[in-house]
Amino acid sequence: MKRTILILVSVVLFGPVLGADSAREIIDRADEPFLGTRIYTRSEMTVYRAGEARPTLEMESYSMREHGKQLSLSVYLGPARMKGTAYLMIENDLWVRFASTGRIRKLSSSAKKNSAGGTDFSYYDMADSGQGFAEEYSLQLDDENATIDGQRCYRIILRPQEGSEIPYEKVVCYVRREGYRYLELAYYQDGAHVKTLRFFDYRNADGRSYPFRYEMESHTKPSRTEVVVKSLEFDSSRVEPDLFSVPYLRRIK
Amino acid sequence: MKMLPALLALFLLAGGVCMAEIELSGEANAAIDVFPAFPYTSGRFDSPINPGNLAGIRDLNLDTDVTFRLQAVEQTGAWNLWLALDPYRMSRVLLAAASGDPVQEEAVGASLLSSDPAALSILRAEIAWYIGPSLVLRLGRQSMLTGYGYGWNPMDFAGTVKDLFDPEAELKGVDALSLQLYAGNAISVKLAGILRGDILRSDPLIAGADYADIQAAAELTASFPLLELKLSGYYDSDDAAGEDAFVPALGAGFMLDLAGVGLYGEGALLWGGRVPAPVGVSVIQRPGELLLSGLFGVEYTFASELHLIAEYFYNGQGYSLEERQLYADSLEDQFATWSYIPGEYAAMYRPGYFAKHYLLLHLGYPIYPWNTNLELSAYYSPDSGALGVMPRLELEISGSLSARAAYTGLFSLQADRYDEVGLSPFRHMIELGMTYFF
């Protein structure tokens, strides 16, 4: 009887801790392919509205972390209408460079949660810090035997840590049990499931398994955005601290 | 023989474009402007600024313009040449704010006198030398625009003044030698020597500048997390008594991000006015006293992606009720004397800068299912009663092509206030146009 009580007490006291630890372990393994200090990507983004493809956006992205600050720069290479438009984010500060005038305008941080260039990604979503998806979240392993498209996976609930600037209320994350790959992230705001990020086409890159295609589907409008990664470099020599500055925005053509 | 320079220029342009490092981009616009007039009479476009319809405004106008941007950028430097082939559209000239820049004053005057004015404007012609990651030297026609305001930038003393009816339009640069020094992302200092006059020699009769045409500008920007501060200064050796439209001035601005809301402001102190003011009927004079201008604005993006900008502008160089009345009387007197409106008087007509107090509201909303952006801009002058409303719908047809429909409505909400709308030759304009990006 004493042993039973001891086990029950242990489960009550340490169960959540053990669960959190294993959730952290799963997420850490799933995050591994996304970790890097200086990340460069060249990608094509296609927005599908009501099933119809819009002109493909071609884009270069640079991101890194320096002195604890998250830095990211996205530059549109095409189509002609968008070419030269760029977004610079330094933590919560956001600047936009307009291609038609070369003018640079600082936006309030309220813009971060909104669509970047008409896609289903927000500026916040696009700012990859190289620290993985679960940074600044507390984790809870919700289901060890969930399934997505017939694949067995872990379901982990991510909630923003107190004081963080994350615009989501929670993110429900599905990690495939085999190989610890992210399959799906479901984003919630104000109690509603607002969008879903899905990962496909995992390929070997730089010794890590990385999704070369992913898509964000909106659940508030009939729209989804598909991203095809054309080029990917971790610890890239192209990514230098000088890029993440207003002076550099002025140099973009 | 006269063809040689043109052919050479064409050759250089074509050769330049073919070189991999030089990129050509830009956009071409074509639009039909319709001016509905009520009642529809022969004098429907007559107004104090356009007596007897001197400007020759017709019910329908076909407007076309093209902007070419040639750019080359490398590690140590960059070259920019932006050209605009832009017929001076009557509608735009009469809507647009005259900057007080003598060159623009000439353009306004020429537009009112010429039947087919058109020009190739050089918007940028600059070479930048990146001496290091923290130091840039620029020589040539370059952008000097500064400040945080959307509709107005009172702390911008060097640049061409924004057009309130199209604040996002590219502006003609300033001929200058500038040096910009950066201390990381925290501090930036810009010093510039500015040459007024026709430095680029577009008109051989008035080409070049004298020592007295040299002016100086300085700007200091300090960035902190969620806060940015700016100071600007301008020096002109010939003050308000001089012949150009530039005066010594000091300005300060800030932008603060407060829980996602962008709050910004600008203040400016000018040692004299940049534009003349009426002091009697057909008597104008540049104010010589200290003038203060200021702007306060709020910017926010809602979860629905509705983007809002609201601004209040106190225009120290605006005209009082008495000055506006004198101006209206002067236009009548000038026309009676000369049978036209001289350029210096035409350039004093500055919608959006005419009175002392202005409010601006700008809303932008993307309608994704229709691939459309909807914008609404409205301004109101509480002291003159002028109201302008400008809804605009833009359809993204492809990555290179867009179509738009826009309306400009001008209304006088108070009688006998001699506002800018009462002087305007039209009250309504509908624009149907397309833009091709290349």
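Residues numbered from 1 in each chain as written. Chains lettered and ligands numbered in written order. Predicted model: local features only at pLDDT ≥ 70, side-chain atom pairs only at ≥ 80, totals over all residues.

**Remarks on the overall build of chain A**
Argument step 1. Regarding its fold elements, chain A presents three helices and 14 strands.
Argument step 2. Taking the contacts inside chain A whose residues are at least 6 apart along the sequence as the reference set, 47% of them involve residues at least 24 apart. (Helix = DSSP H or I, 4+ residues; strand = E, 2+ residues; numbered from the N terminus. Contact = placed C-beta atoms within 7 Å.)

**Comments concerning the overall build of chain B**
Argument step 1. Scanning chain B from N- to C-terminus turns up six helices and 20 strands.
Argument step 2. Looking at chain B as a whole, 39% of its 438 residues are labelled buried.
Argument step 3. The contacts of chain B with a sequence gap of at least 6 include a subset with a gap of at least 24, amounting to 59%. (Buried ≥ 20, exposed ≤ 12 C-beta atoms within 10 Å, placed from the backbone.)

**Considering the confidence of the model for chain B**
Residues and elements named next belong to chain B.
Argument step 1. Summary statistics for chain B give a mean pLDDT of 85 and a share of 84% for residues scoring 70 or more.
Argument step 2. Per-element confidence in chain B ranges from a low mean pLDDT of 47 for helix 1 (residues 3-18) to a high of 97 for strand 15 (residues 307-314).
Argument step 3. The low-confidence segment residues 97-104, where pLDDT is below 50, has 25 contacts with residues more than four positions distant or belonging to other chains.
Argument step 4. The ipTM, which scores confidence in the relative placement of chains, is 0.77 for this predicted complex, and the corresponding pTM is 0.85. (pLDDT = per-residue confidence, 0-100.)

**Some points on the interface of chain B and chain A**
Argument step 1. Each partner contributes to the interface: chain B provides 37 residues, whereas chain A provides 36 residues.
Argument step 2. For the side of chain B that touches chain A, the secondary structure elements donating two or more residues are strand 1 (22-34), strand 2 (60-73), strand 10 (249-258), strand 11 (261-271) and strand 14 (290-301) of chain B.
Argument step 3. Tallied by class, residues from the side of chain B that touches chain A come to 17 nonpolar, 12 polar and eight charged. (Nonpolar A, V, L, I, M, F, W, Y, C, P; charged D, E, K, R; others polar.)

**Thoughts on the pairing of strand 13 (residues 208-218) of chain A**
Residue and element names in this part refer to chain A.
Argument step 1. In this structure, strand 12 (residues 192-205) lies alongside strand 13, joined through 10 bridges in antiparallel fashion. The partner of R198 across the bridge, within strand 13, is E215.
Argument step 2. Two strands pair when backbone bridges link them, and strand 13 and strand 14 (residues 223-234) are joined in this way by five bridges, in the antiparallel orientation. When the sheet's bridge partners are listed, E215 is paired in strand 14 with E226.
Argument step 3. Linking two consecutive strands that pair antiparallel, namely strand 13 and strand 14, is a turn of four residues. (Pairing = 2+ DSSP bridges.)

**Looking at the environment of B:L145**
Argument step 1. Within the secondary structure layout, B:L145 lies in the loop between strand 5 (135-142) and strand 6 (174-183).
Argument step 2. The spacing of B:L145 and B:T160 is 15 residues in sequence and 7.8 Å in space, taken between C-alpha atoms.
Argument step 3. Apart from the residues within four sequence positions on either side, B:L145 is in contact with A:R103, B:N153, B:D156, B:G159 and B:L171.

**As for the environment of A:S218**
All names here are of chain A.
Argument step 1. Tracing the chain through its elements places S218 in strand 13.
Argument step 2. Accessibility expressed as a C-beta count within 10 Å gives 20 for S218, which makes it buried.
Argument step 3. Residues S218 and L183, 35 residues apart in the sequence, show an inter-C-alpha distance of 17 Å.
Argument step 4. Setting aside its immediate chain neighbours within four residues, S218 contacts D120, K195, S223 and R224.

**Thoughts on helix 4 (residues 321-338) of chain B**
Given 3.6 residues per turn, any residue in an α-helix points the same way as the ones three and four places further on.
Residue and element names in this part refer to chain B.
Argument step 1. Given a rise of 1.5 Å per residue, 18 residues ought to cover 26 Å, and the 26 Å separating the end C-alpha atoms of helix 4 matches this to within 8%.
Argument step 2. Residues of helix 4 that are buried: R324, L326, Y327, S330, L331 and Q334. Within helix 4, the buried residues cover an arc of 155° as seen down the axis, which keeps them to one side. Pointing more than 90 degrees away from the buried face of helix 4 are the exposed residues E322 and A336.
Argument step 3. Among the structural elements, strand 12 (277-280) and helix 5 (343-346) are those in contact with the buried residues of helix 4. (Expected span 1.5 Å × (residues − 1). Arc of directions from axis to C-beta.)

**Considering the nonpolar core**
Argument step 1. With 60 residues, the main nonpolar core has A:Y123, A:I156 and A:V175 as its most contacted residues.
Argument step 2. Among the nonpolar cores identified, the runner-up in size contains 48 residues, and B:Y234, B:Y319, B:I341 and B:L410 belong to it. (Core = buried A, V, L, I, M, F, W, Y, C linked by C-beta atoms within 7 Å.)

**Focus: the pairing of strand 9 (residues 151-160) of chain A**
All names here are of chain A.
Argument step 1. As paired strands, strand 8 (residues 137-148) and strand 9 are joined by nine bridges and run antiparallel to one another. Its bridge partner lying in strand 9, I148 is registered against Q151.
Argument step 2. Once strand 8 ends, the chain turns through two residues before running back antiparallel as strand 9, passing D149 with a positive phi of about 50°.
Argument step 3. Here strand 9 runs beside strand 10 (residues 170-176); their pairing, made up of six bridges, is antiparallel.

**With respect to unusual backbone geometry**
In most cases, non-glycine residues show a negative phi, while peptide bonds are predominantly trans.
Argument step 1. Residues A:G78 and A:P79 are joined by a peptide bond in cis, for which omega reads 0°.
Argument step 2. Topologically, A:P79 is positioned in the loop between strand 4 (69-78) and strand 5 (86-90).
Argument step 3. Between B:F38 and B:P39 the backbone carries a cis peptide bond, its omega angle lying at -5°.
Argument step 4. Turning to its location among the elements, B:P39 is positioned in the loop between strand 1 and strand 2.
Argument step 5. In this model, A:Y180 sits at a positive phi of 50°, which is unusual for a non-glycine residue.
Argument step 6. Along the polypeptide, A:Y180 turns up in the loop between strand 10 and strand 11 (182-189).
Argument step 7. A count of 19 C-beta atoms within 10 Å places A:Y180 in the partly exposed class.

**Describing the environment of A:A80**
Argument step 1. Checked against the element boundaries, A:A80 lands in the loop between strand 4 and strand 5.
Argument step 2. A residue is classified by how many C-beta atoms lie within 10 Å of it, and A:A80, with 18 of them, is partly exposed.
Argument step 3. The spacing of A:A80 and A:G36 is 44 residues in sequence and 32 Å in space, taken between C-alpha atoms.
Argument step 4. Every residue in contact with A:A80, bar those within four places of it in the chain, is listed here: B:S25, B:G399, B:S400, B:F437 and B:F438.

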